[in-house]
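Residue-level structure breakdown
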Amino acid sequence: ISYTSGSTGFSKGVMLTGNNLAGNIVFGINTRLFENPGDTVLSFLPLAHAYGCAFDFLTAFNCGGHIYFLDQAPIPKVLIEIFAKIHPVIVITVPLILEKIYKTKILPIISKPSMKVLLNIPGVNKIIYKKIRNQLYETFGGNFKQVIIGGAALSREVEDFFYKIDFPFTVGYGMTECAPLISYAEYPNFQPHTAGKILPGMEAKIDSPDPENIVGEILVKGEHLMMGYYKEPKITEETIDKNGWMHTGDMGTLSKDGTLSLKGRCKSMLLGPSGQNIYPEEIEAKLNNLPLVGESLVLERDGKLVAL
């Protein structure tokens, strides 16, 4: 039983089965996240969370991986020092880590007036981007196949930059209720601004008249789906309908080849004065990259958008 508050504001016990976790682990083994016994990984995500538990720990353990557990706060400075010592073969992380590295290490360099000029010169910009990419590669230990990002949405500005310099990363989508993975595409098959492809054993559909082009709520079911919420039959019924589809509360589109693109949360979406859908998460991601902003919250007040 893994407790999650999700977006409802109070804790719910998610009842996960051994089969739910096994589905995630088998996927991790089949995609060869860890190819050889002794492959190293640094476990710094909370093991009480499905994401860290399933991939940092259980998948690595099943593959004979060498797992290092972090015994201090996972701030970038600490992580960079340990990556340099253990040279992990894969880095499993949340967006915050990459966004902090981008904001504190990369943005100050590429924002300089002289650097902006150089980055607009064809050929020269490629050399600069390659140098940044190589330095980033060494930052993460210099031995990894890809950085896997999950647990929250990655800032589009950061994602676009990492994609531009051909940094080996990918973004997956999941939730505690699916133990946790729903969609994923390994590097270099990952397409920017998507969350990968729906996993084997899982199904997804969009509650929309045109799932490819019109945003709607993401519904999922399959091997990874929980039994329900512990001692909360009413909430379970509200979340999983009579046909077995779980209403995730996330908005997105789904292409014909099963590639999922996320937009935001149903409950946080704002309706603009001319009827347009506004996803505050996209604006918050921009604000969070400003030098003096740690966190932000965009909401509607008296018909206008306000940022706190």
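Scroll up for the structure.
Let me begin by describing the structure that accompanies this report. A quick note: this is a predicted structure, and the numbers were derived from the prediction, not measured. (Residues numbered from 1 in each chain as written. Predicted model: local features only at pLDDT ≥ 70, side-chain atom pairs only at ≥ 80, totals over all residues. Heavy atoms only, no water.)

Looking at the pattern of salt bridges
- Evaluation of the coordinates by the stated rule reveals seven salt bridges.
- Arginine 265 is the salt-bridge partner of aspartate 250, the closest N and O atoms lying 2.9 Å from each other. Taken together, the residues span a long stretch of sequence, with aspartate 250 in strand S14 (residues 246–254) and arginine 265 in strand S15 (residues 260–265) at a distance of 15 residues.
- Residue arginine 265 is classed as partly exposed on the basis of its relative accessible area, which comes to 25%.
- Sharing partners across several salt bridges, the network here consists of Arg32, Glu35 and Lys145. (Salt bridge = Lys/Arg side-chain N within 4 Å of Asp/Glu carboxyl O. Helix = DSSP H or I, 4+ residues; strand = E, 2+ residues; numbered from the N terminus. Buried < 20%, exposed > 50% of the residue type's maximum accessible area, 1.4 Å probe, protein only.)

Thoughts on the packing of aromatic side chains
- For the structure on display, the rule yields 15 aromatic pairs.
- Residues phenylalanine 140 and phenylalanine 167 carry aromatic rings whose centres are separated by 5.9 Å and whose planes lie at 45° to one another, so their mutual orientation is tilted. With phenylalanine 140 in the loop between helix H6 (124–139) and strand S6 (147–149) and phenylalanine 167 in the loop between helix H7 (156–164) and strand S7 (169–171), this residue pair connects regions lying 27 residues apart in the sequence.
- Both rings, one in phenylalanine 162 and one in phenylalanine 167, keep their centres 5.2 Å apart while their planes meet at 40°; by these two values the pair is tilted. Just as phenylalanine 162 is buried, phenylalanine 167 falls in that class too.
- Through successive ring pairs, a cluster of aromatic residues spans Phe44, Phe83, Tyr102, Tyr129, Tyr137, Phe140, Phe144, Phe161, Phe162, Phe167, Phe169 and Phe190. (Phe/Tyr/Trp six-rings, centres within 6.5 Å; stacked < 30°, edge-to-face > 60°.)

Side note on the sheet that holds S6
- What the three strands build is an open sheet, ordered S5-S6-S7; its pairing is parallel. Each edge of the open sheet is held by one strand with a lone partner, namely strand S5 (91–93) and S7. Each neighbouring strand pair of the sheet contributes to a mean axis angle of 20°, computed without reference to strand direction.
- Sheet topology places S6 next to S7; three bridges connect them, and they run parallel. Each bridged residue has a counterpart across the sheet, and for isoleucine 148 the counterpart in S7 is threonine 170.
- Relative to the sheet, helix H2 (residues 50–62) contacts S5 and S6, its axis offset from that of S5 by approximately 175°. (Pairing = 2+ DSSP bridges. Axes fitted to C-alpha atoms, helices over the stretch in contact; angles between N-to-C directions. Contact = heavy atoms within 4.5 Å.)

Examining the environment of leucine 181
- Along the polypeptide, leucine 181 turns up in strand S9 (residues 181–184).
- For leucine 181, a relative accessible area of 11% puts it in the buried group.
- Sequence separation between leucine 181 and leucine 271 is 90 residues, and the spatial gap between their C-alpha atoms is 30 Å.
- Once residues within four sequence positions are removed from consideration, leucine 181 is found in contact with Asn24, Phe27, Phe55, Tyr173, Gly174, Leu199 and His224.

A few points about the sheet that holds S9
- The three strands lie next to each other as S8-S9-S10, forming an open sheet whose pairing is antiparallel. Whereas interior strands pair on both sides, the edge strands pair on one side only; in this sheet they are strand S8 (173–174) and strand S10 (197–198).

Structural notes on H2
- The element H2 is extensively covered by neighbouring structure, given that 10 of its 13 residues are classed as buried.
- Lining the buried residues of H2 we find helix H1 (18–30), strand S3 (40–43), strand S4 (66–69), S5, S6 and S9.
- Backbone geometry just downstream of H2 places glycine 64 in the positive-phi region, at approximately 75°.

As for the pairing of S9
- Relative to S9, S8 is paired through two bridges, and the arrangement is antiparallel. Within S9, the residue paired with glycine 174 across the bridge is leucine 181.
- Where S8 folds back onto S9 in an antiparallel hairpin, the turn is made up of six residues, including alanine 179, whose phi is positive at roughly 55°.
- Where S9 meets S10, two bridges bridge the pair, whose relative direction is antiparallel. Within S10, the position partnered with tyrosine 184 by the bridge is lysine 197.

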